[in-house]
Amino acid sequence: MLKLHYNLERVSMGLVAAIIIAASVGGIVEIAPLFTIDETVEVPDDLRPHTPLELAGREIFIREGCYACHSQMVRSLADEIDRYGPYSQAGESAYDHPMLWGSKRTGPDLARIGGKYSDEWHVRHLIDPRSVVPASIMPAYPWLLKSLDTDLLTDSLATLSELGVPYSDEMITSAASDALAQSRPDSNETDGFRARYEERPAIRAFDGDPARLTEMDALVAYLQALGTLTVVSETVVVEVDE
Amino acid sequence: MTHDLLLYLSKTVGLIWLMGFFLIVIIRTYNPSRRAAYRAAARSILPDGMDKE
Amino acid sequence: MIATLTVSERQAGLLLSIILAALGLAMAAAARQGVMSVHGFLALGLGVGLAFMLGGAIYDPEPDEDRLRSYYDAPTQFGIVMTLIWAVIAMAVGVWVAALLYWPEATPLWPETSFGRLRPVHTTGIIFGFGGNALIATSFHVLQRTSRARLADSISPWVVLLGYNLFCVWAVTGYLMGSTQSKEYAEAEWYADLWLVVVWVTYFVLYLRTLARRNEPHIYVANWYYLAFILVVAMLHIVNNLALPVRWSSAESFPIWSGVQDAMIQWWYGHNAVAFFLTAGFLGMLYYFLPIRSGRPIWSYRLSIISFWGITFFYIWVGSHHLHYTALPYWAQTLGMTFSVMLLVPSWASAGNAIATLNGAWHKVRDDATLRFMFVAAVFYGLSTFEGSFLAIRPVNSLSHYTDWTVGHVHSGTLGWVAMIVFGAIYTLVPQISGRDAMVSSRAIEWHFWLAVSGTLVYVVAMWNAGITQGLMWRAYDENGALSYSFLQSVQAMAPYYLLRTIGGGLFLAGAVICAWNCWATLRLAHGSAKDRPLLPQPAE
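Residues numbered from 1 in each chain as written. Chains lettered and ligands numbered in written order. Predicted model: local features only at pLDDT ≥ 70, side-chain atom pairs only at ≥ 80, totals over all residues. Heavy atoms only, no water.

## Brief notes about the overall build of chain B
Part 1 of the argument: The helix and strand tally for chain B stands at two helices and zero strands.
Part 2 of the argument: For chain B, buried positions account for 36% of its 53 residues.
Part 3 of the argument: Surface summary for chain B: the accessible area is close to 3500 Å², and the carbon and sulfur share equals 73%. (Helix = DSSP H or I, 4+ residues; strand = E, 2+ residues; numbered from the N terminus. Buried < 20%, exposed > 50% of the residue type's maximum accessible area, 1.4 Å probe, protein only. Areas by Shrake-Rupley, 256 points an atom, 1.4 Å probe, with all protein chains shown as cover.)

Shown next, in the form of C-alpha cells:
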C-alpha cells in the first residue's frame, strides 16, 4: 500500500476532517428527513397558534422550569392513553418554539391537561400545592399574582411569525390588548380578539379577578389550552410492521 | 428531494457509510506496518525509566 | 498569573480586557434593564477588573528567558481551581434540590430559590462548570506532555478559561433570574451561546496550533478524544442553539426549530453532549492519566483507536432513544435503538482496555487511592454504558422513560465515571504542578474515595428502586381493567428513595469538599513547578 508520508495520525488536519466526517453522518441521516416530513405528517389544518396570553403563560412555564418535572408527550402506550388521553401527534407541537415534550415526570404529564381542572383549582394549586393536594411535592409559586409584563408580546409574535407560526399583522400589533381582552370577558376589546382568534380560545378571568392582568392569568390560560389547540383523533394506531 | 427519497437514502447511505468507515479504520489500525509505531506510541507518554515489557 | 506573561502579552491582555469591558457596557446599555443588563455589568466588571490587574503589573519583571523551554502550567492550575469551585457549588445545589423533593417547603418562597430555577443551575454547573473546566485544564496539560511542546501562545489559554467561566456564570445567574431557553443542557440564552462559540473557536485554534508544533511525530490517542470533544461539541452547540432573539436588547429568544424537528435536534444534541462532553473528553483523560499513574502502557493501543472511531461514529445516531413511543417517526426511534446497542462494543472496548492496562499493577491500585479512583471510574464507565444500551431498547425504555431510573443511569455515569476520573486526574496533577511529589494528605484522598464510592452506590441504588417502582406503578392494571394507581400514589411511594438519594448526594458532596481542601492546602505549599521539560522546539514535519 502506498506508504503515505502524511498519514492520518500524523497530520492533525486530517484527523479533524475524519472526525467531522464520522460525526456528521448520524445527524444528517436522522434530522434531514424530518424537514421534508410535512409531505407525510402535515400540520393539522385546525391547529391554532397560542394566543398572546397563552404564549406569555408558556414563557412563564419555561421561566419557572416547570418542564423539568412535567412532560407534555403522551406516549402510544395503553396505560398512558388510559391515564392521560389520546397519544400526542407530531403535528400538535408544530408551532412550539421550543417543543416542551419533556424528559422527566416527577409530576404528571400535562399534554392533555386543558379543561380537566377549573381555573380556580389551578390558581389555588399554583399558589400553595399542598393546600389542594396534601401529598404533593411541587414547589409553591405565590409570586405569580404580580401583574403581567406585556411589553415583549408584540415582538414575540413578530419573531414567531418569522419562524412560520401563522400570526397575522393585526394579531402582532394588537398582541398586548388581546392578552388583556382574553382575561377580561366584559371588556370592549373582546370583539377584536374574537375577530382575530375566532371562537376556540376561552375568554375568562383566569385568575378569578377580571380587573387585573396577572402572570397567573397567563399561566392558567396556557395550562387550560394544553391539548386543545387541535382536535386529536381518538383512534389508536395499529402497529403496522413495515 | 422528496421525503421518501430522503428516507430511502437515510436507511441505506448511513449503513454503507458505516461499513466503509469501519473497514478503513480496521485496515489502518491493524496494518502490520504500523505495529511498531503503535507500540512506541503507547509508551511515548511514560517517563523512559518506567518502560516495561 | 500575570508574572508568567511578557510585557507585550500583558499589553495584549489589557486590550482584550478593555474590549470585554466595552462589550459588557454595550450589552448593559442596550438592555437597560432585565437579565441582559445584569450580565452586561458582569462582563464590564470582569473586563475592568482584569484591566486593573494587568495595568498595575504591566512593567513588573518579565519571566526569564527559559520560559519557552518549560511547559505552561499556570492556566491548568487556574482551571483546576475553577473546577473545584464549580464542583462544590453545583453539587451543593444538587443536594439542595434533591432535599427539596423530600421537603418541598424547605425553601424560602422566593423565585430565585424555586426548584425549577435551581435544577438547571445544578446541571449546567456540573456539566459545564465542573466537567468543562476539568476538561480544559487537563487538556492543556495532556496536550503539552504528549506533544512535548509548550502551548502555542500564552494569552489564548487565559482567553479560553476566563471566557468559558464567564459563559458558565452568565448561564447560571440567568436561570436564577428566570432567563432560560428550556432546552435541556443548552438552557443558556442566545448571547451567552454566541459568546461560547467565540471562546470555543479560540480553544480549537489554540489546540490545533499546539498540535502542529509538536515534537513527537505521533498524536497520542488521548488527543484524538480531546479533539473530538472540542469539534463535535462545537457542531452540536451551534445547530441546537440556533435561535432568533425577540429583540437585540433583550434576553428573550425563540429557537428556530419546533415540534418534532426540535425534539430530534434537541436529543441529537442532548445525548451527544453526554457523549462528547462527558465521555469522549474524559476518555482522553483516562487514556493519559491511567497509564501515567500506573506506570504501564495502554493494554492495546490499537483497540483504543477502534474504540475512538466507534464512539465518534455511533454516538451521533443514538439521540432518538430519548423519544421512544413519542411522536417521532418510528424508523428514527429504531435507528437510535440499534446504534445504542451497537455502541456497547466501542464503549466496553475502552473500559476493558483501561482495566486490562492495570494488569501487573493491581498492588498499586490497592495502595494508591488516586489510581483506585481511575480504576473505579473505568468500572462505572462500563456499568453505565451497559445500562445505557439496555435502557435504549424500546420495551425497556417504555418502563424507564420519564422515571427516576433515568436519573439513576445519569448519576452512575456522572458520579461514578466522570467525577471519579476527574478526581483521579486532579490528585495526579496538583502535586505535579506545585513541584511536590504527593498531595498534602493521602488519608484525605482515602476518605474522599470511600465517601465518593458509598455516595454513588447509595444514590444510584435508590434511584433504581424509585424508577422501577414508578414505571411499574404507572402501568399496573387491576383485575377489572382499571389503572391500579393514581399518579399521586406513585409520588408518595418515592419519599424514602428521595431521602436516600439526598443522603447519597450529601456523602459525595462531603468527599468533594475534602478534595477541595486537600488541593487548596497542596497548592498553598507549592514551591516551584512541574519538573518535566518539553523537547527543544524543532519544526514538526
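Still more to cover.
## Some words on the confidence of the model for chain C
Caution applies to low-pLDDT parts of the model: their predicted coordinates are not meant to be read in detail.
Residue and element names in this part refer to chain C.
Part 1 of the argument: Counting all residues, the mean pLDDT for chain C is 93, and 99% of those residues have values of 70 or more.
Part 2 of the argument: Element-level mean pLDDT values for chain C span from 92 in helix α9 (residues 301-314) up to 97 in helix α16 (residues 442-475).
Part 3 of the argument: Of the two predicted TM-score estimates for the complex, the pTM is 0.93 and the ipTM is 0.92. (pLDDT = per-residue confidence, 0-100.)

## Digging into the domain arrangement of chain C
Residues and elements named next belong to chain C.
Part 1 of the argument: What the domain assignment lists for chain C is domain 1 (1-61) and domain 2 (72-524).
Part 2 of the argument: Taking only C-alpha atoms, the centre of domain 1 and the centre of domain 2 are 30 Å apart.
Part 3 of the argument: When domain 1 packs against domain 2, the two sides together hide about 1600 Å² of surface, and 81% of this comes from carbon and sulfur.
Part 4 of the argument: Seen at the junction of domain 1 and domain 2, the total is zero salt bridges.
Part 5 of the argument: Summed over the shared surface of domain 1 and domain 2, the result is four residue pairs in polar contact (both at pLDDT 80 or more).
Part 6 of the argument: If you list the elements that add at least two residues to the side of domain 1 that touches domain 2, you get α1 (7-31) and α2 (35-56).
Part 7 of the argument: Here the residues of the side of domain 1 that touches domain 2 are counted per class, giving 16 nonpolar, two polar and one charged. (Domains from an automatic or database assignment. Buried area = accessible area lost by both parts, 1.4 Å probe. Salt bridge = Lys/Arg side-chain N within 4 Å of Asp/Glu carboxyl O. Polar contact = N/O pair within 3.5 Å; in protein donor to acceptor, adjacent residues only side chain to side chain. Nonpolar A, V, L, I, M, F, W, Y, C, P; charged D, E, K, R; others polar.)

## As for unusual backbone geometry
Part 1 of the argument: With an omega dihedral of -5°, the bond running from His97 of chain A to Pro98 of chain A counts as a cis peptide bond.
Part 2 of the argument: Turning to its location among the elements, Pro98 of chain A is positioned in the loop between α3 (78-84) and α4 (119-127).
Part 3 of the argument: Positioned with a positive phi, Ser182 of chain C is a non-glycine residue whose angle comes to about 70°.
Part 4 of the argument: Here Ser182 of chain C shows up in the loop between α5 (156-176) and α6 (190-212).

## Digging into the interface of chain C and chain B
Part 1 of the argument: Contact with chain C, which involves 24 residues of that partner, is made by 23 residues of chain B.
Part 2 of the argument: At the boundary of chain C with chain B, total buried surface from both sides reaches about 2300 Å², with 76% on carbon and sulfur atoms.
Part 3 of the argument: Viewed at the interface, chain B and chain C are joined by zero salt bridges.
Part 4 of the argument: Across the contact surface, chain C and chain B share one residue pair in polar contact (both at pLDDT 80 or more).
Part 5 of the argument: Broken down by secondary-structure element, the contributors of at least two residues to the side of chain C that touches chain B are α8 (259-294), α9 and α10 (330-342) of chain C.
Part 6 of the argument: The biggest single contributor to the side of chain C that touches chain B is α9 of chain C, with eight residues.
Part 7 of the argument: Residue composition of the side of chain C that touches chain B, by class: 17 nonpolar, three polar and four charged. (Contact = heavy atoms within 4.5 Å.)

## Looking at the interface of chain A and chain C
A common way to report how large an interface is uses the accessible area buried once the components associate.
Part 1 of the argument: Contacts between the two partners involve 86 residues from chain A, matched on the other side by 93 residues from chain C.
Part 2 of the argument: Summed over both sides, the interface of chain A with chain C buries roughly 7700 Å², with 69% coming from carbon and sulfur.
Part 3 of the argument: Per-residue buried area on chain A facing chain C is highest for Glu30, Arg75 and Arg83 of chain A; these three make up 10% of the total on that side.
Part 4 of the argument: Between chain A and chain C we count five salt bridges in total.

## Some remarks on the environment of Asp367 of chain C
Residue and element names in this part refer to chain C.
Part 1 of the argument: The residue Asp367 is located in helix α12 (residues 362-367) in this model.
Part 2 of the argument: For the pair Asp367 and Leu46, spaced 321 residues apart in sequence, the C-alpha separation works out to 44 Å.
Part 3 of the argument: Not counting residues up to four positions away in its chain, the partners in contact with Asp367 are Arg372 and Glu446.

## Here we look at the side chain of Ser412 of chain C
Residues and elements named next belong to chain C.
Part 1 of the argument: With respect to the helices and strands, the residue Ser412 is situated in helix α15 (residues 404-433).
Part 2 of the argument: For Ser412, the side chain forms a polar contact with the main-chain oxygen of His409, separated by 3.0 Å.
Part 3 of the argument: Discounting residues that sit within four places of it in the chain, Ser412 has contacts with Phe380, Ser384, Glu387, Trp417 and Val460.

## Side note on the packing of aromatic side chains
Part 1 of the argument: Taken as a whole and assessed by the stated rule, the structure comprises 44 aromatic pairs over all chains.
Part 2 of the argument: Ring geometry for Phe229 of chain C against Phe277 of chain C: centres 5.3 Å apart, planes inclined by 85°, an arrangement best described as edge-to-face. Linking Phe229 of chain C in helix α7 (residues 221-240) with Phe277 of chain C in helix α8, this pair joins segments that are 48 residues apart in sequence.
Part 3 of the argument: Relative accessible area serves as the criterion here: at 0%, Phe229 of chain C is assigned to the buried category.
Part 4 of the argument: Judged by centre distance (5.6 Å) and plane angle (75°), the ring pair of Phe314 of chain C and Phe339 of chain C falls under edge-to-face. Residue Phe314 of chain C is found in helix α9, and its partner Phe339 of chain C is found in helix α10; the two are separated by 25 residues along the sequence. Comparing Phe314 of chain C with Phe339 of chain C shows no difference in burial state: the two are buried.
Part 5 of the argument: By way of ring pairs, the aromatic residues Phe21 of chain B together with Trp224, Tyr225, Tyr287, Phe308, Trp309, Phe313, Phe314, Trp317 and Phe339 of chain C are connected into one cluster.
Part 6 of the argument: Stacked on the ring of Phe449 of chain C, the Lys or Arg Arg372 of chain C has its end atom at 4.9 Å from the ring centre.
Part 7 of the argument: A cation over an aromatic ring shows up here: Arg524 of chain C above the ring of Trp520 of chain C, its NZ or CZ 4.5 Å from the ring centre. (Phe/Tyr/Trp six-rings, centres within 6.5 Å; stacked < 30°, edge-to-face > 60°. Lys NZ or Arg CZ within 6 Å of the ring centre and 35° of its normal.)

## So, the packing of helix α2 (residues 52-63) of chain A against helix α6 (residues 153-162) of chain A
Residues and elements named next belong to chain A.
Part 1 of the argument: Relative to each other, α2 and α6 sit at 90°, their axes nearing to 11 Å. On the basis of the axis angle, α2 is roughly perpendicular to α6. Of α6, the residues touching α2 (which contributes Pro52, Leu55 and Ala56) are Leu153, Ser156, Leu157 and Leu160.
Part 2 of the argument: Residue classes in the contact of α2 with α6 are distributed as six nonpolar, one polar and no charged. (Axes fitted to C-alpha atoms, helices over the stretch in contact; angles between N-to-C directions. Parallel < 35°, antiparallel > 145°, perpendicular 65-115°, else oblique.)

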